[in-house]
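Observations on the model geometry
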Amino acid sequence: MRVLFLGGAGMIGSAAATEAAARGADVTIVTRSAPKRPPADGVRQLRADVRDTAALGEVLGDEEFDAVVNWVGFTPGDVGGHPKLFADRTGQYVFISTCSVFGRPVPQLPITESSPRRQPVFGYGRDKIACELLLEEAYRADGFPLTIVRPFHTYDRTVIPVLAGWTAIERMRTGRPVVVHGDGTSLWSLTHVRDFARAFAGLLGLDHAVGESVNVVSADILTWDQIHLALAAAAGVRGPVLRHRSSESIAVHVPGWDEVLEHDFRHSMLFDTSKLRALVPGFAPQVSFAEGAREVLAHHDAHAELRSVDHDLDRAFDALLEG
């Protein structure tokens, strides 16, 4: 199978390229500059601005692919020329969107692929919806072989998946309380990048996925307290002190968090993965968050440059706790 990645040199895309190549796919990635994460052995690299349709067509020549994956389509202008460019050179065009397209609060849980899409606050999610609508119209009008893939909160060893980042770990290790929004019981889902890559690779070149949108998530159910406690355990901290404060009070002391707490993290996000499991039979997450947290802490402990404390946030937590 010949697969073309437009972009895909970041955390998720590089893991997906590695998995696809390991399964025997002939993978080509197109990036504007040298990838920060070196591609797996055997992955071909081309240079072009994938948002410049003319330049992209020139570097690709008359090549055809079984699947084309767009990792860097963020606005309708980024993808507007792709239905014409790829209509006759691929059997599947995979657009990487995001589960941020689903409105909060979600009217009904669990979230499915048909849950309402609405994002009035975050430009990233709003623009992804606009991209989805443009490409869906090409599918309906002209049969453009579209598959929409929506990741949610995906992480690997380089990412501490809480807003406070390393500051939270440092406070735990020094015996100081960590602030958790709400009462710590809202529900969240985290997906390790290896699990995402395994599920995603099963969708490539799959005829049954054409015309479909698929939420590629783990369906793990974690509270925010559980997420913090798993990170604490991985950091070697027994009995970490978690203190709960409302999203509104946190926003007073940490203004940069107001929108993400109000319109995202405070809401429970649970997913029905029935469609994913039907399209990729046998898929099940293999990396628990406990295991993933251990990978995260081991990696950060081995790289001092990643262990950066945000001193403004540190002081803001102290002020919240004094209140």
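Everything below is about the structure printed above this text.
This section reports on the structure supplied with the text. For clarity, every value in this text was computed on a predicted model and none was experimentally measured. (Residues numbered from 1 in each chain as written. Predicted model: local features only at pLDDT ≥ 70, side-chain atom pairs only at ≥ 80, totals over all residues. Heavy atoms only, no water.)

On a plain count of helices and strands, the protein comes out with 13 helices and 13 strands. For 323 residues, the compact-globule formula gives about 20 Å, and the C-alpha radius of gyration of the protein, at 21 Å, lands near that figure. The C-alpha extent of the protein, read off along each of the three principal axes, is 65 × 40 × 35 Å. Counting only residues that meet the buried cut, the protein has 52% of its 323 residues in that class. (Helix = DSSP H or I, 4+ residues; strand = E, 2+ residues; numbered from the N terminus. Rg over C-alpha atoms; globule rule 2.2 N^0.38 Å. Buried < 20%, exposed > 50% of the residue type's maximum accessible area, 1.4 Å probe, protein only.)

All right, on to the pattern of salt bridges then. Note on pairing: side chains with opposite charge can pair once their charged atoms come close. All told, the structure shown has 23 salt bridges when counted by the stated rule. Across the pair R2 and E63 runs a salt bridge, and its minimum N-O distance is 2.7 Å. One end of the pair, R2, is in strand β1 (residues 2–6); the other, E63, is in the loop between α2 (53–60) and β4 (67–70), with 61 residues separating them in the sequence. The salt bridge partner of K275 is E212, with a shortest N-O separation of 2.7 Å. (Salt bridge = Lys/Arg side-chain N within 4 Å of Asp/Glu carboxyl O.)

Bringing the state of the cysteines into the picture now. Taken as a whole and judged by the stated rule, the model has zero disulfides. C99 carries a free sulfur, and the closest cysteine sulfur to it, the one in C131, is 16 Å from it. On the basis of relative accessible area, C131 is assigned to the buried category, the value being 0%. (Disulfide = S-S within 2.5 Å.)

Following both chains from N to C, one finds helix α8 (residues 224–234) and helix α12 (residues 289–302) inclined at 50°, their axes separated by 8 Å at the closest point. Accordingly, the angle class assigned to the pair α8 and α12 is oblique. Here the hand of the crossing between α8 and α12 comes out right-handed. Facing I227, A230, L231 and A234 of α8, the residues of α12 in contact are F289, A293, R294 and L297. Here the residues of the contact of α8 with α12 are counted per class, giving seven nonpolar, no polar and one charged. (Axes fitted to C-alpha atoms, helices over the stretch in contact; angles between N-to-C directions. Parallel < 35°, antiparallel > 145°, perpendicular 65-115°, else oblique. Left-handed = near helix turned anticlockwise from the far one by under 90°. Contact = heavy atoms within 4.5 Å. Nonpolar A, V, L, I, M, F, W, Y, C, P; charged D, E, K, R; others polar.)

Turning to the side chain of T98, a few remarks are in order. Position of T98 among the secondary structure elements: in the loop between β5 (93–96) and α5 (123–142). Looking at T98, the relative accessible area reads 6%, which means it is buried. A distance of 3.0 Å separates a polar side-chain atom of T98 from the backbone nitrogen of S100. Not counting residues within four places of it along the chain, the set of residues in contact with T98 comprises Y124, K128, V149, R150 and P151. (Polar contact = N/O pair within 3.5 Å; in protein donor to acceptor, adjacent residues only side chain to side chain.)

Any two packed helices are characterised by how steeply their axes cross, that is the angle between the axes, and by the distance between the axes. Viewed as axis vectors pointing N to C, helix α1 (residues 11–22) and helix α7 (residues 193–201) meet at an angle of 55°, and their least axial separation amounts to 8 Å. For the element pair α1 / α7, the angle class is oblique. In this structure, α1 crosses over α7, and the sense of that crossing is right-handed. Between α1, through M11, I12, A15, A16 and E19, and α7, the contact on the second element is made entirely by V193, F196, A197, R198, F200 and A201. Split into classes, the residues belonging to the contact of α1 with α7 amount to nine nonpolar, no polar and two charged.

Turning our eyes to something else, we now look at empty space enclosed by the protein. Enumeration according to the criterion identifies three cavities of 30 Å³ or more in this entry. If you add up the space inside the largest cavity, you get close to 90 Å³. In terms of lining residues, the largest cavity is bounded by 13 residues, among which L163, V179, H181, H228 and W257 are the most central. At the level of elements, β8 (178–181), α8 and α10 (258–265) are the ones that each hand at least two residues to the lining of the largest cavity. Among the elements that line the lining of the largest cavity, the one with the most residues is β8, at three residues. What the second largest cavity holds in volume is close to 40 Å³. Taken together, G8, A9, S14, A17, T18, I29, R37, P39 and A40 form the lining of the second largest cavity. The biggest single contributor to the lining of the second largest cavity is α1, with three residues. (1 Å grid on protein atoms, 1.4 Å probe; cavity = no way out; pocket = protein on both sides within 12 Å on 5 of 7 lines; lining within 4 Å. Points joined across faces, edges and corners; volume = space filled by probe spheres on them.)

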